[in-house]
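For reference, the chains in residue letters:
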Amino acid sequence: MLADAQEGLSSALVPAPNRWAEPAIIVRLYEAMKAGRAIHICYTSMTTGADTGQWLAPVRFTSDGENVHLRAFSFKHQSYRDYLPVRIGERSSFETRELFDPLPVDVDWHTRAVIWLRPKAGLSEEQAAVVRKEYGFTGEALKVTTRKALEFYFLRRWRIGEENSRLEVNKIEYEDWESGDDVES
């Protein structure tokens with residue numbers, strides 16, 4: 001692209017979506033998280049539709065490379081879930097309350113997912129070699145490590161499982177993610 005610009009040729013980028021969240025909502029979530037408090041929100045789920053309200057205990061913000069997600073314990077579902085702040089309605093009360101009991105351990109957050117990828121079955125030997133080169137394989141399989149809580153986003157972002165994907169999962173291994181071990185590849 002730089003060479004094209006110098007030579008007067010045109011290049012183009014695919015537009016990225018403008019994923020935006022109301023800063024005031026982010027601030028309220030962040031303040032509840034830092035204070036260790038639960039917060040009441042209304043959330044529009046793309047699976048079930050509008051939510052009349054629920055209590056969450058925000059624990060961290062994460063990103064799948066395109067969206068910022070709030071990782072929170074849902075008292076309604078009694079589990080840790082990811083929420084897109086943009087789907088939190090402005091009609092939320094944002095009332096906060098003290099957490100009287102410690103939150104359960106977020107097992108998916110503290111579990112390492114070691115994902116072994118290979119070129120998709122059915123590719124020719126030449127195609128498989130090109131896929132290995134394109135994705136930086138150093139052997140027959142590519143090892144990618146992430147948290148189990150982020151596994152879904154990784155597979156979606158890399159389009160694993162889609163019809164035209166050039167990669168497929170060979171195997172996934174799960175291990176405890178030891179505290180202080182924050183290196184992810």
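Residues numbered from 1 in each chain as written. Predicted model: local features only at pLDDT ≥ 70, side-chain atom pairs only at ≥ 80, totals over all residues. Heavy atoms only, no water.

Strand 1 (residues 37-41) sits mainly inside the fold: four of its five residues count as buried. Inspection of the sheet shows strand 1 paired to strand 4 (residues 54-63) by three bridges, in the antiparallel sense. Opposite I41, over in strand 4, you have Q54 as the bridge partner. (Buried < 20%, exposed > 50% of the residue type's maximum accessible area, 1.4 Å probe, protein only. Helix = DSSP H or I, 4+ residues; strand = E, 2+ residues; numbered from the N terminus. Pairing = 2+ DSSP bridges.)

This paragraph deals with the pattern of salt bridges. A side chain with one charge can pair with a side chain of the opposite charge if their charged atoms come near. Under the definition given, this model contains 10 salt bridges. For R159, the salt bridge identified is with E162, shortest N-O distance 3.1 Å. Between E173 and K171 there is a salt bridge, with the nearest N and O atoms lying 3.3 Å from each other. Residue E173 is classed as partly exposed on the basis of its relative accessible area of 30%. (Salt bridge = Lys/Arg side-chain N within 4 Å of Asp/Glu carboxyl O.)

Attention now goes to the sheet that holds strand 8 (residues 111-119). Strands sit in the order 9-8-10 across an open sheet of three strands; the sheet is antiparallel. Looking at which strands have only one partner, the edges of the open sheet turn out to be strand 9 (142-147) and strand 10 (167-176). Taking each pair of neighbouring strands and ignoring which way they run, the sheet shows an average axis angle of 25°. Note: strand 8 against strand 9, six bridges, orientation antiparallel. Counted as the bridge partner of I115 is V144 from strand 9. (Axes fitted to C-alpha atoms, helices over the stretch in contact; angles between N-to-C directions.)

Let us look at unusual backbone geometry. The backbone phi angle of Q78 is positive, close to 55°, even though this residue is not glycine. Along the polypeptide, Q78 turns up in the loop between strand 5 (68-74) and strand 6 (79-83). For Q78, a relative accessible area of 55% corresponds to the exposed category.

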